[in-house]
Amino acid sequence: MNSNNIYIVFGVSGSGKTTIGKALAKELGIPFFDADDFHPESNIKKMSEGSPLNDDDREPWLKILSNQIIGWHKIEGAVLACSALKQKYRELLESIAPEFIKWIFLDGSYGLISSRLEARKDHFFKKELLISQFKTLEKPKKGISVTIDESIPEIIKKIQSSLSIQKSQLGLIGLGVMGKSLAKNILSKNFSLSVYNRQVKNKEVDVAKCFVSDQSSDHKVLGFDELEPFIISLEQPRSIIIMVNAGKPIDMVIEALLPLLSKGDCLIDGGNSHYKKTLERAQKLSKHGVYFIGAGISGGEEGALKGPSIMPGGAKEAYEQSGSFLEAIAARDKNNMPCCSYMGPQGAGHYIKMIHNGIEYAEMQLLAETYHLLRFYDDKTPKQISDIFESWRTKGIDSYLLEITADILLKKEGEEFLIDKILDKAGQKGTGGWSTIAALELGMPLSTISESVMARNLSGMKSKRIKASEIYQIKTCKSDGDDEHFLDTLEQGFTAASIINHAIGFELLVEASQEYEWNLNLSEIARIWTNGCIIRSELMEKISTLFLKDNQNSLLLFPEIVRLMKVNIEALTDIVSKGLKAGCSLPVLSASANYFLTYIAAQSSANMIQAQRDYFGAHTYQRVDKPLTEYFHTNWKS
């Protein structure tokens, strides 16, 4: 933005060079220096005695300043207060780097400045030298001139306007993998940007400045390792995206920012924060007049760079102020609409991102189980499985996760497939578990998502699994049937399980919307999940269209989905049966089948559960032959 410029504020003593210079430096977020601090001792002594300096006195002083200017320019720029009364003095100061020096002349009458000097204390400059300075002064022919008979804010405003000093439209804190990619995305949309990253010795050093130096000269970007100049560099009201780790780091950043913010500023948390913490933070900041948006961002490093799916939640006024930035950097759907939309108040955005991640967990596990069946039951090679998945992509069930799984299976190290070298111990960041807890709080089933979390937990028990395998020695049976029929059945079973998994996620969103009064738009949520995010798929395109018809309906009850499920459900139960019998663990495929069979059952096994509860705890039960308002208890032993 300022290209490390040196802004030289000059004029006679008493014109306000130091005061205006400091104010300008604060506005620009760069250091301030006073030229008087660089005078040789001989000059200071001479002026203290009331003797004016001659050109011979000034020459070494100006050379010192000229060298300092080069150093300041290499770092971050600066504002310098200097008398620089003659043109030749100014020429000497800018002789090394004239293109980076901006001259600002403070113009005032002798009477005004004289009265100011009379009020000065503890300064070596004497009033009687003012006449000499006015005689020496050669008014500049270039740069800008500002009269000093106005208030300091007005003078600064005029300087900024005359120099065309623009502040950044957007700020970003945290230049990790996602933060850097998002910052590059923002710059590619031609926004002016200020970035901040903390300084950590031997770990995070000059991260922001290095980021700035790596960007194209066409981009308007400023880098900071201190918060105050970073904040000063932003247009007001400020919009600041925070891209740091969820949890305590977010709170630490907010605490550091709060004293520097102004009413109407907006902070946007782009991390995987828990929706309840987002609500707490929003309430805290609102007391200070500061907005807070919890924005779920999905798409990984590539999505952040090229356009992610963004799920913002918070005050509607906050979105109206800062949402345009988020929409501009988001992915685009098939109609070129941004995959970003206002989700709802409070923690709605991060809640929706949490459910997104839960669906993602289960979709990943579904593909892992499908791969496992093909590899160890149907005896296919990774290359053959990749080909199978690629063929599925042409049959209406394409997805980003299916695409990358097909790619993964082709990767080799030498002659061996890399997938065979990866330890079967899955990691997680906790968001899948959050979904399960959220569902339990609302009394909702989350079968596929919960089982995918448990599968990851169980995979972590590697040493116990190895020991158990040695003890039980149960081998996976191989398929001995019709391979073509098996592949068709597997494709149908996978399709059914994926539909069920999505239905479970959206059912929880419906319940949360009602419970928390968020008024969520399911069609819009599905729409922004059609591109940019990890769970984008052809199925999501269908879901978005279906919810346009009825925002409150269960996905499994739409006629189009009913037809699909009737065709595919038998295949799902068949695959689960074959897989379990063969010794393959299929937690999510099994959970999806069990959920669906329970969901469509007019008569479930829960009547026995109620009888058992009443037997040991006198919890009572309702009867099918009595009004549902009545409850009964039985002495079961009599």
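Here, every reference points to the structure presented above.
Residues numbered from 1 in each chain as written. Predicted model: local features only at pLDDT ≥ 70, side-chain atom pairs only at ≥ 80, totals over all residues. Heavy atoms only, no water.

Caption draft 1: Focus on the overall build of the protein. Broken down by element type, the protein carries 26 helices and 14 strands. Here the protein has a C-alpha radius of gyration of 34 Å; the compact-globule value for 638 residues is 26 Å, and the former is much larger. Across its three principal axes, the protein shows a C-alpha extent of roughly 115 × 65 × 50 Å. For the protein, the proportion of its 638 residues judged to be buried stands at 49%. As presented, the protein carries roughly 31100 Å² of accessible surface, and 52% of it is formed by carbon and sulfur atoms. Positive and negative side-chain charges in the protein, numbering 74 and 79 respectively, have mean positions lying 4 Å apart. (Helix = DSSP H or I, 4+ residues; strand = E, 2+ residues; numbered from the N terminus. Rg over C-alpha atoms; globule rule 2.2 N^0.38 Å. Buried < 20%, exposed > 50% of the residue type's maximum accessible area, 1.4 Å probe, protein only. Areas by Shrake-Rupley, 256 points an atom, 1.4 Å probe, with all protein chains shown as cover. Lys, Arg positive; Asp, Glu negative; His and termini not counted. Charge placed at Lys NZ, Arg CZ, Asp CG, Glu CD.)

Caption draft 2: Looking closely at helix H15 (residues 348-377). With 30 residues, H15 ought to run about 44 Å at 1.5 Å a step, and its terminal C-alpha atoms sit 43 Å apart, in line with that. Asp 379 occupies a position one or two residues after H15 and carries a positive phi of about 60°. (Expected span 1.5 Å × (residues − 1).)

Caption draft 3: Region of the structure containing the sheet that holds strand S9 (residues 239-242). Read across the open sheet, the seven strands follow the order S8-S7-S6-S9-S10-S11-S12; overall the sheet is mixed. At either end of the open sheet lies a strand with only one pairing partner, and these are strand S8 (221-224) and strand S12 (309-314). Adjacent strand axes in the sheet meet at a mean angle of 20° when their direction is disregarded. By the bridge criterion, four bridges tie S9 to strand S10 (residues 266-269) in an arrangement that is parallel. Among the inter-strand pairings, Ile 241 is bridged to a residue of S10, identified as Ile 268. Running at roughly 150° to strand S11 (residues 291-298), helix H12 (residues 275-286) makes contact with S10 and S11 of the sheet. (Pairing = 2+ DSSP bridges. Axes fitted to C-alpha atoms, helices over the stretch in contact; angles between N-to-C directions. Contact = heavy atoms within 4.5 Å.)

Caption draft 4: Focus on the nonpolar core. In this structure, Tyr 351, Phe 389, Phe 506, Leu 509 and Trp 529 are the most contacted members of the largest nonpolar core, which totals 81 residues. Ranked by the residues each element gives to this core, the list is headed by helix H21 (residues 483-516), at 15 residues. With residues up to four places along the chain from it excluded, the contact list for Phe 389 reads Leu 367, Thr 370, Tyr 371, Leu 374, Leu 402, Thr 405, Ala 406 and Leu 409. Formed by 41 residues, the second largest nonpolar core is a distinct cluster that contains Ile 69, Ala 78, Phe 105 and Ile 156. (Core = buried A, V, L, I, M, F, W, Y, C linked by side-chain atoms within 4.5 Å.)

Caption draft 5: Summary view of the pairing of strand S4 (residues 101-107). Among the seven residues in S4, five count as buried, and that is most of the element. Looking at chain direction, strand S1 (residues 6-10) and S4 are connected through five bridges and run parallel. Counted as the bridge partner of Phe 10 is Phe 105 from S4. Alignment of S4 against strand S5 (residues 144-147), held across four bridges, turns out to be parallel. If you follow Asp 107 over to S5, its bridge partner there is Thr 147.

Caption draft 6: Main features of unusual backbone geometry. Cis peptide bonds are those with omega within 30 degrees of zero, and the linkage from Gln 236 to Pro 237 qualifies with -5°. Even without a glycine there, the phi angle at Asn 336 is positive, about 65°. Locating Asn 336 in the fold gives a position in the loop between helix H14 (316-329) and H15. Classification of Asn 336 by relative accessible area gives exposed; the value is 54%. Positive phi is not limited to glycine here, since Ala 618 has a value of about 50°. Assignment of secondary structure puts Ala 618 in the segment after helix H26 (606-617).

Caption draft 7: A look at the pattern of salt bridges. Scanning the entire structure with this criterion turns up 36 salt bridges. Residues Asp 379 and Lys 478 are paired through a salt bridge, measuring 3.7 Å at the closest nitrogen-oxygen approach. Taken together, the residues span a long stretch of sequence, with Asp 379 in the loop between H15 and helix H16 (382-392) and Lys 478 in the loop between helix H20 (462-472) and H21 at a distance of 99 residues. When salt bridges with common partners are traced through the structure, they connect Asp 55, Arg 58, Lys 86 and Lys 88 into a single cluster. (Salt bridge = Lys/Arg side-chain N within 4 Å of Asp/Glu carboxyl O.)

Caption draft 8: Examining empty space enclosed by the protein more closely. Within this structure, the stated rule accounts for three cavities of 30 Å³ or more. Empty space within the largest cavity amounts to approximately 50 Å³. Every residue along the wall of the largest cavity is listed here: Gln 87, Arg 90, Glu 94, Trp 103, Pro 140, Lys 141 and Lys 142. Residues belonging to the lining of the largest cavity are distributed by class as follows: two nonpolar, one polar and four charged. (1 Å grid on protein atoms, 1.4 Å probe; cavity = no way out; pocket = protein on both sides within 12 Å on 5 of 7 lines; lining within 4 Å. Points joined across faces, edges and corners; volume = space filled by probe spheres on them. Nonpolar A, V, L, I, M, F, W, Y, C, P; charged D, E, K, R; others polar.)

Caption draft 9: Region of the structure containing the environment of Ile 159. Take Ile 159: it is sitting in helix H7 (residues 152-163). Among the residues examined, Ile 159 registers a relative accessible area of 0% and is labelled buried. As for Ile 159 and Ile 20, which are separated by 139 residues in sequence, their C-alpha atoms are 9.8 Å apart. Apart from the residues within four sequence positions on either side, Ile 159 is in contact with Ile 20, Leu 24, Ile 104, Ile 144 and Val 146.

Caption draft 10: Summary view of a nonpolar patch on the surface. Side chains of Leu 557, Leu 597, Tyr 599 and Ile 600 sit close together on the surface and give an oily, nonpolar patch of about 370 Å² of accessible area. Position of Ile 600 relative to the elements: it lies in the loop between helix H25 (587-599) and H26. (Patch = residues over 30% accessible without salt bridge, like charges linked within 9 Å, V, L, I, M, F, W, Y side chains within 5 Å.)

Caption draft 11: The arrangement of the sheet that holds strand S2 (residues 32-34) in detail. Strand order across the open sheet formed by five strands is S2-S3-S1-S4-S5, with parallel pairing between neighbours. Every other strand in the sheet has two partners, leaving S2 and S5 as the edge strands with one partner each. On average, each strand axis in the sheet is inclined to that of its neighbour by 25°, with strand direction left out of account. Along the sheet face, helix H3 (residues 55-75) touches S1, S2, strand S3 (78-82) and S4 and points at about 165° away from the line of S3. Lying on the sheet, H7 is in contact with S1, S4 and S5; it crosses S5 at an angle near 160°.

Caption draft 12: Looking closely at the packing of helix H19 (residues 447-459) against H21. Closest axis-to-axis distance for the H19/H21 pair is 8 Å, and the angle between their directions is 105°. As summarised for this structure, H19 and H21 are arranged roughly perpendicular, according to the angle between their axes. Packed against H19, whose contacting residues are Ser 447, Thr 448 and Ile 449, the element H21 presents Asn 501, Ile 504 and Gly 505 at the interface. Its residues assigned to classes, the contact of H19 with H21 shows two nonpolar, four polar and no charged. (Parallel < 35°, antiparallel > 145°, perpendicular 65-115°, else oblique.)

Caption draft 13: Region of the structure containing the pairing of S3. Counted residue by residue, S3 has five buried out of five residues, so it is predominantly covered. The alternating pattern of S3 places Ala 78, Leu 80 and Cys 82 on one face and Val 79 and Ala 81 on the opposite face, and all of these are buried. Pairing analysis gives five bridges linking S1 to S3, with the strands arranged parallel. Note that in S3 the partner of Tyr 7 across the bridge is Val 79. Examined bridge by bridge, S2 and S3 share three bridges and lie parallel to one another. Counterpart to Asp 34 in the pairing with S3 is Ala 81.

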